[in-house]
Every structure is written in C-alpha cells, then in structure tokens.
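# A closer look at the structure
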Amino acid sequence: MSRAFLFVLDSFGIGGAPDAAAFGDAGATTLGHIAEACAQGRGDKDGLRSGPLALPKMASLGLFHAANLASDFEIPSDITDPVGLWGAAEEVSNGKDTPSGHWEIAGVPVTFNWGYFPQVIPTFPDSLIAEAVRRANLPGILGNKHASGTDIIEEYGEEHIRSGKPIFYTSTDSVIQIAAHEQHFGLDRLYKLCEIMRELVDPLNIGRVIARPFVGETKETFERTGNRRDYSVPPPEPTLLDRLTDAGRTVIAIGKIGDIYAHKGVSQVRKANGNMALFDETLIAMDDAQDGDLVFTNFVDFDMLYGHRRDVPGYAAALEAFDRRLPEALAKLRAGDLLILTADHGCDPTFKGTDHTRERVPVLCFGPDLPHGSLGVRPTFADIGETIAAHLDIAPGPHGKSFLRGTASHA
C-alpha cells in the first residue's frame, strides 16, 4: 500500500470556469490577477513583500502550466518540464462555497440548491430569530445583515459586550455566522447557540452555521481567535473519507476539514490557527500516517484573511510562505506515496465585492513513483477523490474518474 496527502489551498482558483458568467464571475482568476498585480508593483507592501510573485516550488510542480491550461490568462513561467502531474479541474456543483467544493473533491458533487438569505436588512426571517432568542435565552441580536466578519465585529463588538447580544450575519454563501466574545459571552455558550441554530436552519437548507469567537475590549483591539467552529450539514452520500474509514483506513483531518464533512469519515481531528501552524500539524500527521491512510488539510488563511478582504499583498505573501515550506512536505514522501495540491473555489482579491469567485482549480500531483506530464482539464473535482481512491486501492465511487490507474501502475 501507500499513503495519500491532500492539501486544499482554500480559494486558490486559476480562472477559466466555463460557467463563470452565470455566477457573475466572468474574467475572475485568483492566481492570474495576483501574479499580474505583483508584476505591476501592486503586490508590494512595506515589511511584507515586494516584486513579482515567486512560487518556485509550485511552479516546478506545474502550477503555471495548469493555470495557462485552465484559462487564456497567460502567466509567464521559466519552467519547461514540470516534475509532477499537473492540470486543472472544474466544478459541477451548483455552488461556489466551501462545502460544495470540498464535497465534490471527495467524490460527492452538490447537485441540489442551497438555501440563501436575501441581501436586505434585516436579512434573517423574524420567526427564525425569535425562536433562536427564545431557545438560547438571549436579550436579542445585533447585525442581522450581509457583512464582512471583521467589519461587523468592529461595528458591533463594543455594543455586544455591553448588551450581551450576539452578532448575527451572513454572506452570499449558504451560511449563518455568529460572532461573540470568548470571555464576555462565553465560548461554550457560543457553541451551544450555534448548535441551536444548526437545528433551526436545517429546514431552510443552510449549509453552515459558523461560530466566530473574538477577544479584545475595543474596536481597535478586537481580534478573531482560532476557536472558530463550523456546524455543517452532512454530505448527502458517502464521501471518499467515509469509504476510506469503512475500509479500515485512518483519515487525519487538519484544520477545518472535520467540520466541513460534519465529522463523517474522519478518524482524527487536529486543529491549528494559521497556515504555518496548519503546515506544522500536517508535517506531524505525515510522520504518523501509515500505509493506506489519508492526511487531508485545508489551508484557510488564503480565503479567510486575504481573498475575502481583497488583500493582494497579503495573499501573495501567504502563497510565497506556503511555497517556501512545501519542500518540507515533499521530503517526507516515501515510495508509493501521492501528494495532491488543489483548491475548492476561487476568491480573486482583485475582483468586485468580497465573495468567492467561480473558477477552475489547480491539480498538482507529486510522488516518488508518479509519471510527469499533463492530466488535462478534469470535468469535475470528483476526479481528485477518485484518483486517491484508486491510489489507495479502494473501490471507485459513482462520481468522477481517476487519472491514475492505481498504486500498482506507478509503484
């Protein structure tokens, strides 16, 4: 047997989605526009980074080849012969959100429509909020609108501390987010409130309820903590994770992976706050993984800290920091191992608004025994999960198709 490692760079799209216009995202390309901005000096920030985007390790694995295959936005590259298998994948799920992208990666496209809240104030139904206030014994709520998570905490955080009212908000995703102070409101109380909301919004087909704890005493000092928790609906059918654990394999979920799959098919959950801490935990998990196991990590900062905030220098610096550490993970690969880098959607930091963007995603594969070359544009993210299934010698699922025949064909 061999092991598999799946790294999702949250929101790292490469443009070119054929249905982007239907989502209002025609022309979006997260990687392409970051590279362009950096080449023009718009990615410079004193004390953080400067100059053209430098991703030598991912480039050597075929990142820019994949991006140029995915869209007509050309990104120059000095690499002529990438060392891995490289390509792109497009999403068939109806949404461009975290659960849709991750579930499809794990072999289960989302063919139904999520529920969403309208862009009006107040955004949540009166009956929903009244029942939440009653069941959680709240003095009321604040917010009740579409908003950026950091902006709404700055706007209402001080009033929240004075009044004890939690802050409710949403976005164009299928989500309710609830922000509350870890000490003044209480972390366990926030989690309990989110559990109540998860039950209340199930009939509305809302994908996630997210606890957004923060600390600080004034709007100048408020800071969200690493104790975020996502309460997701479970996938509608068994994912790659379920199939692996049913076969007796261990699935080690790093970061928010466990929450995304409602902890179904997850053997171990390992949390960390920030991309570099997540990378540290991933390296430990790579050492712990045995034959037939999967280590699955979501690197959330790209999306949460930089994509949604439309922060080009921050996103570029985070990519460069990840790229510098990638050789540490590649050095841990043994004969027969497979590592795949991909993304779940886009979040172009140069694009209008603050929301995700519909894009193709990179699929970069490397292992000591893998062939090199292009795997083309895959018609669904599910091909990623089915490739891991084939590699780890479990039966194929009903969606997607492996671009490898299995461990024996390349060991």
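Residues numbered from 1 in each chain as written. Predicted model: local features only at pLDDT ≥ 70, side-chain atom pairs only at ≥ 80, totals over all residues. Heavy atoms only, no water.

## A short note on the pairing of strand β9 (residues 251-254)
Every second residue of β9 is oriented toward a common face, with Val 251 and Ala 253 on one face and Ile 252 and Ile 254 on the other, all of them buried. Sheet topology note: the β9/strand β11 (residues 294-299) ladder contains four bridges and is parallel. Bridge pairing links Val 251 to Leu 294 in β11. Where β9 lies against strand β10 (residues 268-270), three bridges are found, and the strand directions are parallel. Within β10, the residue paired with Ala 253 across the bridge is Val 269. (Buried < 20%, exposed > 50% of the residue type's maximum accessible area, 1.4 Å probe, protein only. Helix = DSSP H or I, 4+ residues; strand = E, 2+ residues; numbered from the N terminus. Pairing = 2+ DSSP bridges.)

## With respect to helix α1 (residues 30-39)
For an α-helix, 3.6 residues make a turn, and residues three or four places apart therefore share a direction. Among the ten residues in α1, eight count as buried, and that is most of the element. Packing partners of the buried residues in α1 comprise α3 (63-70) and α12 (312-330). Looking one or two residues past α1, Gly 41 carries a phi angle of roughly 90 degrees, positive in sign. (Contact = heavy atoms within 4.5 Å.)

## Details of the environment of Glu 74
Checked against the element boundaries, Glu 74 lands in the loop between α3 and β2 (85-89). Separated by 113 residues in the primary sequence, Glu 74 and Leu 187 place their C-alpha atoms 47 Å from one another. Looking at Glu 74, its side chain comes within polar contact range of the side chain of Asn 68, at 3.4 Å. (Polar contact = N/O pair within 3.5 Å; in protein donor to acceptor, adjacent residues only side chain to side chain.)

## With respect to the nonpolar core
If you look at soluble globular proteins, the nonpolar side chains tend to sit buried side by side. Ranked by size, the top nonpolar core spans 87 residues in total, and within it Phe 7, Leu 31 and Phe 322 carry the most contacts. A total of eight residues in this core trace back to one element, the largest contributor, which is α12. With 25 residues, the next largest nonpolar core counts Phe 117, Leu 193, Val 201 and Tyr 231 among its residues. (Core = buried A, V, L, I, M, F, W, Y, C linked by side-chain atoms within 4.5 Å.)

## Focus: the packing of aromatic side chains
Evaluation of the coordinates by the stated rule reveals 13 aromatic pairs. Taking the centre distance of 6.3 Å and the plane angle of 70 degrees together, the rings of Phe 7 and Phe 279 count as edge-to-face. Residue Phe 7 is found in strand β1 (residues 4-9), and its partner Phe 279 is found in helix α10 (residues 275-288); the two are separated by 272 residues along the sequence. You'll find Phe 7 and Phe 279 in the same group, each marked buried. Among the aromatic residues, those joined into a cluster by ring pairs are Phe 7, Phe 279, Phe 299, Phe 302, Tyr 315 and Phe 322. (Phe/Tyr/Trp six-rings, centres within 6.5 Å; stacked < 30°, edge-to-face > 60°.)

## A look at empty space enclosed by the protein
For the structure shown, the criterion picks out one cavity of 30 Å³ or more. Its residues assigned to classes, the lining of the largest cavity comprises two nonpolar, two polar and three charged. (1 Å grid on protein atoms, 1.4 Å probe; cavity = no way out; pocket = protein on both sides within 12 Å on 5 of 7 lines; lining within 4 Å. Points joined across faces, edges and corners; volume = space filled by probe spheres on them. Nonpolar A, V, L, I, M, F, W, Y, C, P; charged D, E, K, R; others polar.)

## With respect to unusual backbone geometry
In this structure, Pro 122 follows Ile 121 across a cis peptide bond, with omega equal to 0 degrees. Mapped onto the secondary structure, Pro 122 falls in the loop between α4 (98-105) and α5 (126-136). Even without a glycine there, the phi angle at Asn 205 is positive, about 60 degrees. Note that Asn 205 resides in the loop between α7 (182-201) and β6 (208-215).

## Overview of the pattern of salt bridges
Following the criterion strictly, the structure yields 22 salt bridges and no others. The shortest N-O distance in the salt bridge between Lys 145 and Glu 155 comes to 3.1 Å. You can see Lys 145 sitting in strand β3 (residues 142-146) and its partner Glu 155 sitting in helix α6 (residues 149-163), a full ten residues away along the chain. Glu 155 sits in the partly exposed class, given a relative accessible area of 45%. Here Glu 328 ties to Arg 325 by a salt bridge, and the two come within 2.9 Å at their closest N and O atoms. With a gap of three residues between them, Glu 328 and Arg 325 both fall in helix α12, about one helical turn apart. Salt bridges sharing common partners tie together Asp 173, Arg 208, Arg 228 and Asp 230. (Salt bridge = Lys/Arg side-chain N within 4 Å of Asp/Glu carboxyl O.)

## Some remarks on α7
Under the 1.5 Å per step criterion, the end-to-end length of α7 is only 24 Å for 20 residues, more than 12% shorter than the ideal 28 Å. Among all positions in α7, only Glu 182, Phe 185, Gly 186, Leu 190, Tyr 191, Leu 193, Cys 194, Ile 196, Met 197, Arg 198, Leu 200 and Val 201 are buried. As for α7, its buried residues are in contact with α5, α6, β4 (167-170), β5 (175-181), β6 and β8 (229-232). (Expected span 1.5 Å × (residues − 1).)

## A word on the sheet that holds β2
Spatial strand order, β10-β9-β11-β1-β12-β13-β2-β14: eight strands in an open sheet with mixed pairing. This sheet does not close on itself; its edge strands, each paired only once, are β10 and β14 (373-378). Pairwise comparison of adjacent strand axes, ignoring direction, gives a mean angle of 15 degrees for this sheet. Relative to β14, β2 is paired through five bridges, and the arrangement is parallel. Counted as the bridge partner of Leu 85 is Gly 373 from β14. Set on the sheet, α10 makes contact with β1, β9, β10, β11 and β12 (338-342); between it and β11 the angle comes to about 175 degrees. (Axes fitted to C-alpha atoms, helices over the stretch in contact; angles between N-to-C directions.)

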